[in-house]
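Structure at a glance
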Amino acid sequence: MASVFFPKIKKKHIKHASRVFLWFSIGAVLSLFLISSFSYFAFQNYYKGKVYPGVRINRIDFGKKTAADVNSYFLQKNKDASDITFVFSYQENSATISAKDIEFGYDNKLLTEQAMSIGRSADPFSNVSLILQAYTNGIELSPAYKFSQDKLDEKLDPVIKIINKKPVEAIFNFENERVKAFRASEDGQEVNKDELNQQILAKARLILIA
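Residues numbered from 1 in each chain as written. Predicted model: local features only at pLDDT ≥ 70, side-chain atom pairs only at ≥ 80, totals over all residues. Heavy atoms only, no water.

**Observations concerning the packing of helix 2 (residues 67-80) against helix 3 (residues 108-117)**
- The interhelical angle for the contact between helix 2 and helix 3, taken along N-to-C directions, is 150°, at an axis separation of 9 Å. Classified by chirality, the crossing of helix 3 by helix 2 is right-handed. Residue-level inspection shows A67, V70, N71, F74, L75 and N78 of helix 2 in contact with helix 3, the latter providing N108, K109, L111, T112 and M116.
- The residue inventory of the contact of helix 2 with helix 3, partitioned by class, reads 6 nonpolar, 4 polar and 1 charged. (Axes fitted to C-alpha atoms, helices over the stretch in contact; angles between N-to-C directions. Helix = DSSP H or I, 4+ residues; strand = E, 2+ residues; numbered from the N terminus. Left-handed = near helix turned anticlockwise from the far one by under 90°. Contact = heavy atoms within 4.5 Å. Nonpolar A, V, L, I, M, F, W, Y, C, P; charged D, E, K, R; others polar.)

Structure representation (structure tokens):
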């Protein structure tokens, strides 16, 4: 039987090949990093002062819009909704208030800030992740609403004064085996403003999105 022997591979050839592969890998990584960095900064520069593509509010894509554009959009929405009225009633007492009276509507300033902030944090890795997510799948921001608590309280004050009552303790005094003074107890009641505000915001989700 004939035997075949492989020639010995010189170690210096292996070391040389390893060094070539190592430097090639380093070069490839550096090239990829430089290309990615250049693309990222070029992308940032192109969208400077604009919302990144795929950032949505109420299913509306505000990509490429400026902060002024986003703010104007929601200001117009609030203007369109200014004639909406709320009726607050208790027994025979009621108060009708318009959206304009209490500055009710979208929180245009907050929504503008949120849309512009996506992909613009102090963390570049988080920025890249959010930008890619917005570009590929989209990022949906929840609508934010506002109203003036002071103006709401002012409009509802007449009705609230009727509703709010302090508890009254019962009086039942005897003197010489006769009732000298009598007064039945009464439970107190007070408008829950936190719950009232939540109801207003819940209505906003139905009214403004419709």
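Still to come is the rest of the account.
**Concerning the pattern of salt bridges**
- Counted by the stated rule, this structure contains 4 salt bridges.
- K151 is the partner of E103 in a salt bridge, and the nearest nitrogen-oxygen pair spans 2.7 Å. Of this pair, E103 sits in the loop between strand 4 (93-98) and strand 5 (105-106) while K151 sits in helix 5 (residues 149-163), and the two are 48 residues apart along the sequence.
- Salt-bridge contacts for D157 lead to K161; the nearest nitrogen and oxygen are separated by 3.3 Å. Here D157 pairs with K161, and both are found in helix 5, just 4 residues apart, close to one helical turn. (Salt bridge = Lys/Arg side-chain N within 4 Å of Asp/Glu carboxyl O.)

**Concerning the sheet that holds strand 1 (residues 55-57)**
- Within the open sheet, the 3 strands sit side by side as 2-1-6. Their pairing is mixed. Every other strand in the sheet has two partners, leaving strand 2 (60-61) and strand 6 (139-141) as the edge strands with one partner each.
- Bridge count between strand 1 and strand 6: 3 bridges; the pairing is parallel. Pairing of V55 across the sheet is with I139, part of strand 6. (Pairing = 2+ DSSP bridges.)

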